[in-house]
Amino acid sequence: MGSESNKDDTKWNRPLLKSMKSVYSKYYDKTCSISVVPERLKELNEDAYMPKVVSIGPRFTTGQEDRGGREDRGGREDLLLMEKIKLQCMSSLLHRSNGMEAEECFEKCSDAILNLEEKVRACYVNVMKLNEYELSEIMLVDGCFLLELLISKDSKLNHELKIHSDHPSPGPEVVKDKEILSDLLLLENQIPLIVLHELSKTLFPNEFTEIQEQRVPRINDLALPLFGYSQLGNPGAPHLLSLVHSTIDREVIKVKDCEEVLQIEEIRQYLSHVAKSHVEVKLKRYCATRLKAAGVTITLPQRDRRRHVILQGNCLGRMLIRFGKMLVNRDLNMLDVEKTKLDFDIKFNNGKLEIPQLHITGTTQARWRNFIALEHHKKKWKSTSVFGGKCTWSALFFDSLICCGADVQLLKDNGIIVDHLKMGNKKLETYFSTISTGVDHEIVDSSYVKIFHDLKNYSAANFLIRNCTIWWHVFRFRVEQFIMFMGSGYNFAAILLSLLAIPQTFYAIFPYYRPSHAH
């Protein structure tokens, strides 16, 4: 008994050994890659980081406690409803193999995932109170579910890997659910992509080769279109959120690829100054209206202008479907996918500020916030993240551009913001303000710091016209603030009573000071 106990006790350090071996991995088995959201980011909207339909991985599947000792809302009934769909997807996947029966596939996949248990455990920052079999079961079900979604989305692969069963796969319908796709991009709702790689090469060795360098782009090419993105390069992302984020952050400046080394060094010095003096990287007093007054042209990039025209002509497009059904449907489907994308490739050159179109949908806030949380995690665990943080800086940038409803309307008129939720200008102003609350201002992209400097120093408008525009904007802003103040709570009644009390007090005091007339 004692020898068996000692043998079992030696397994405690196995995940640590896997972490050490994978610490420099350039592919998908990266140590401590799946983290928890920082508390300061959860303060205003904790729901943005919680799955609404489907749980992936151990955090929301079980009721384990986090480091603070608080119980996660795991095992919720609304999440458990998807477990049946996940098992149906798993069954469909196991019935796609030509050479093996479904039960044989199940046994082979189970053994493969169990052998990954130590690597999988090393991928999570927080310690999980699950034994190896419980963790492996979660990885097996969720991994099969995700791999079935990827195959279902790809029409060619879905046709090649036919399901040898009387029951159709629910995958094609699942991938149409925007809330499910949004849940799959939550930081705490992830499993390592190594699980999908292991399952794919186990079940379909002809389609997913043993050679890692070839299989990684294959999986990436299947996963990114699920969320409306296309692959650029060969990112070795550890999980789905990181994979999608790598496409957003693909334009990040790298010192080794940049010819303007001196300029980059100046930006580094500025970032060091920000870190030491706690200066906010914001366009203070340089909102959208003021930038326009300074002669800045705020516009969409060329690639977004056609989509904006199509979006404005949706009604006409539907009327013309009978004349060009295939073309119109293609454009409308493209737009539907584009609404879910986040693109923050903001550029400023020769007085023109180009901001990609931002669609405000029911899933935009959750995606944006979780990308920001991922960037905070990368900043914490990697000292080389000086040139990252596109989503974080963009949150600060939009918050700076908007100081009142007039700025929101200006961005709407220019096609920058498309409000599908019909929230209104005031609610959108609050919307952008809350997204930027709690973010670390040191997580900025060097190219955006340069944009900040260029905008701050740019002026191409007549001095008189510029100042008149700015003063009119300030007046409108103050009036808007006053109206909002008067409309909140009992402020209007309190001020009205105070004003009425002034003449009452005057008439009460006046007789005591009025000179008396001698008779």
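Here we summarise the structure given alongside this text. (Residues numbered from 1 in each chain as written. Predicted model: local features only at pLDDT ≥ 70, side-chain atom pairs only at ≥ 80, totals over all residues. Heavy atoms only, no water.)

Within the protein chain, the secondary structure is distributed over 26 helices and 5 strands. Considering the protein chain as a whole, with its 519 residues, one finds that 49% of them fall into the buried category. Contacts in the protein chain between residues far apart in sequence, at least 24 positions, make up 75% of those at least 6 positions apart. A total of about 27,700 Å² of accessible surface is found on the protein chain, and carbon and sulfur atoms cover 55% of it. (Helix = DSSP H or I, 4+ residues; strand = E, 2+ residues; numbered from the N terminus. Buried < 20%, exposed > 50% of the residue type's maximum accessible area, 1.4 Å probe, protein only. Contact = heavy atoms within 4.5 Å. Areas by Shrake-Rupley, 256 points an atom, 1.4 Å probe, with all protein chains shown as cover.)

Our next topic: empty space enclosed by the protein. Enumeration over the complete set of coordinates arrives at 2 cavities of 30 Å³ or more. There is about 50 Å³ of room inside the largest cavity. Together, 10 residues line the largest cavity, and Ile34, Arg59, Tyr124, Asn126 and Glu188 are the ones closest to its centre. Its residues assigned to classes, the lining of the largest cavity shows 5 nonpolar, 3 polar and 2 charged. What the second largest cavity holds in volume is close to 40 Å³. Looking at the second largest cavity, the residues that line it are Lys341, Leu342, Asp343, Phe344, Ile355, Pro356, Gln357, Leu358 and Phe398. By residue class, the composition of the lining of the second largest cavity is 6 nonpolar, 1 polar and 2 charged. (1 Å grid on protein atoms, 1.4 Å probe; cavity = no way out; pocket = protein on both sides within 12 Å on 5 of 7 lines; lining within 4 Å. Points joined across faces, edges and corners; volume = space filled by probe spheres on them. Nonpolar A, V, L, I, M, F, W, Y, C, P; charged D, E, K, R; others polar.)

The subject of this paragraph is unusual backbone geometry. Its identity is not glycine, yet Asn350 carries a phi of approximately 50 degrees, on the positive side. Within the secondary structure, Asn350 sits in the loop between strand E2 (347-349) and strand E3 (352-354). Its identity as a non-glycine residue notwithstanding, Lys422 has a phi of 55 degrees, on the positive side. With respect to the element layout, Lys422 can be found in the loop between strand E5 (417-419) and helix H23 (425-435).

Let us look at the packing of aromatic side chains. Centre distance and the angle of the planes are the two values used to describe a pair of aromatic rings. Within the structure shown, the criterion is met by 8 aromatic pairs. Their ring planes at 75 degrees and their centres at 6.2 Å tell us that Trp368 and Phe432 sit as a pair that is edge-to-face. With Trp368 in helix H20 (residues 364-381) and Phe432 in helix H23, this residue pair connects regions lying 64 residues apart in the sequence. Just as Trp368 is buried, Phe432 falls in that class too. One aromatic cluster is present, built from ring pairs that chain together Phe344, Trp368, Phe398, Tyr431 and Phe432. (Phe/Tyr/Trp six-rings, centres within 6.5 Å; stacked < 30°, edge-to-face > 60°.)

Coordinates in, geometry out; function isn't part of it.
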